[in-house]
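Read off the chains here:
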Amino acid sequence: MKHGNHSYTFENVYLNNTGTAVGPREGLGPLAKSFDKIYDSLRMDEDSFEQAEIKLQRTALDVLFSKTLELERNIDIAFAGDLVNQDVISNYTLRNYDIPFCGVYGACSTSVLSMLMGSLTIDGNNAKKVISMTSSHNATSERQFRNPTEYGGAKNITSTFTVSGACAALLSTKKSKIKITKGTIGKVIDVEFKDSTDMGRAMAPAACETLLQHFDDFKAKPSDYDLIVTGDLSTFGKEIVQNVLDIEFGTVTNYNDCGLMIYDLDNQQVFAGGSGCACCGVVSYGYIFKEMLEGRLKKVLICATGALMNTNMSLQKESIPAVAHAIVWEVV
């Protein structure tokens, strides 16, 4: 049901279970125990990095099916996307499953975007069981947006490190411990920022816009949540959001960024933190989901962020528009 200007309430949408798979560096980070499968190499015994990312998605989806004992033919629709041209990772993954598929693209906001699409579909009585899924891979993203890692190009201090991982979730009308209760669809925000090596600060205004809109639509405040997370804003982007929240609501102590949670920034060479579709994806579908199951978190606001540029537009000296989408999980 529409609520406020850009938000929705969901009456009958439950998060039944999740599946996650990550690469080696994520497996060495502080959240390693939250992930279902950890691969020990970026190749993952595949012939290319793209095939490795497909393997990540298939692993996450197969883990999900093994947990839920759900049958493919009972899934009404899957919403999935990734960062590689034309969502090919998701396309090539879903060709092996008997599931109706809608590809979505929100850049690094896809984990929440796909879940919002699924929640709207279920709440509108157009489906009973939906999969939301996304992935990213450090090497495929470097090839897509920058230069292959083999080039050894120097990185700026503001650069982020793309998370190698995939996540899948089953949403349905079947009651479970975690309910999806609210969501806010973000607007495309462009503040004429053009530095493609500083995605955190490029996306931070979109995160601020969506969070403030969410609080306004629901007449809520940060203290209403046990935890608020953004997608992959880096140390530099998180600082902007933290300052805005502090100015609007006083000192906010329950806000963090998934890109800073998934790695040990002091001991892992990840520049300004993690990024990519899997960043918010595996942190929320993995760590946050399990924290809620174990009762340490009861109400969480997840705001995933995405930069909506490509290399051609950057070479044309265009700015970097961004978007952020938010969703609320609650223990019931």
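Everything that follows concerns the structure shown earlier in this document.
Below: a short report on this structure. Quick caveat, the model's predicted, so the values are computed rather than measured. (Residues numbered from 1 in each chain as written. Predicted model: local features only at pLDDT ≥ 70, side-chain atom pairs only at ≥ 80, totals over all residues. Heavy atoms only, no water.)

**So, the overall build of the protein**
Looking only at helices and strands, one finds nine helices and 15 strands in the protein. For the protein, the spread of C-alpha atoms along the principal axes amounts to about 50 × 50 × 35 Å. A total of 332 residues make up the protein; the buried ones form 58% of that total. A separation threshold of at least 6 residues defines the contact pool for the protein, and within that pool the share at least 24 residues apart is 78%. Just so you have it, the protein exposes about 13500 Å², and 48% of that area is on carbon and sulfur atoms. The average position of the 31 basic charges and that of the 39 acidic charges among the side chains of the protein differ by 5 Å. (Helix = DSSP H or I, 4+ residues; strand = E, 2+ residues; numbered from the N terminus. Buried < 20%, exposed > 50% of the residue type's maximum accessible area, 1.4 Å probe, protein only. Contact = heavy atoms within 4.5 Å. Areas by Shrake-Rupley, 256 points an atom, 1.4 Å probe, with all protein chains shown as cover. Lys, Arg positive; Asp, Glu negative; His and termini not counted. Charge placed at Lys NZ, Arg CZ, Asp CG, Glu CD.)

**Considering the packing of aromatic side chains**
Taken as a whole and judged by the stated rule, the model has five aromatic pairs. Seen from their ring centres, Phe161 and Tyr263 are 5.8 Å apart, and the 85 degrees between their planes marks the pair as edge-to-face. Taken together, the positions of Phe161 in strand 8 (residues 161-162) and Tyr263 in the loop between helix 7 (258-261) and strand 13 (274-275) put the pair 102 residues apart, joining distant regions of the chain. Judged by relative accessible area, which is 3%, Tyr263 ranks as buried. In this structure an aromatic cluster arises from ring pairing among Phe215, Tyr225 and Phe249. Stacked on the ring of Phe49, the Lys or Arg Arg43 has its end atom at 4.4 Å from the ring centre. Across from the ring centre of Tyr225, 5.0 Å away, lies the NZ or CZ of Lys299, which sits over that ring. (Phe/Tyr/Trp six-rings, centres within 6.5 Å; stacked < 30°, edge-to-face > 60°. Lys NZ or Arg CZ within 6 Å of the ring centre and 35° of its normal.)

Without other data, these values stay purely geometric and don't point to any function.
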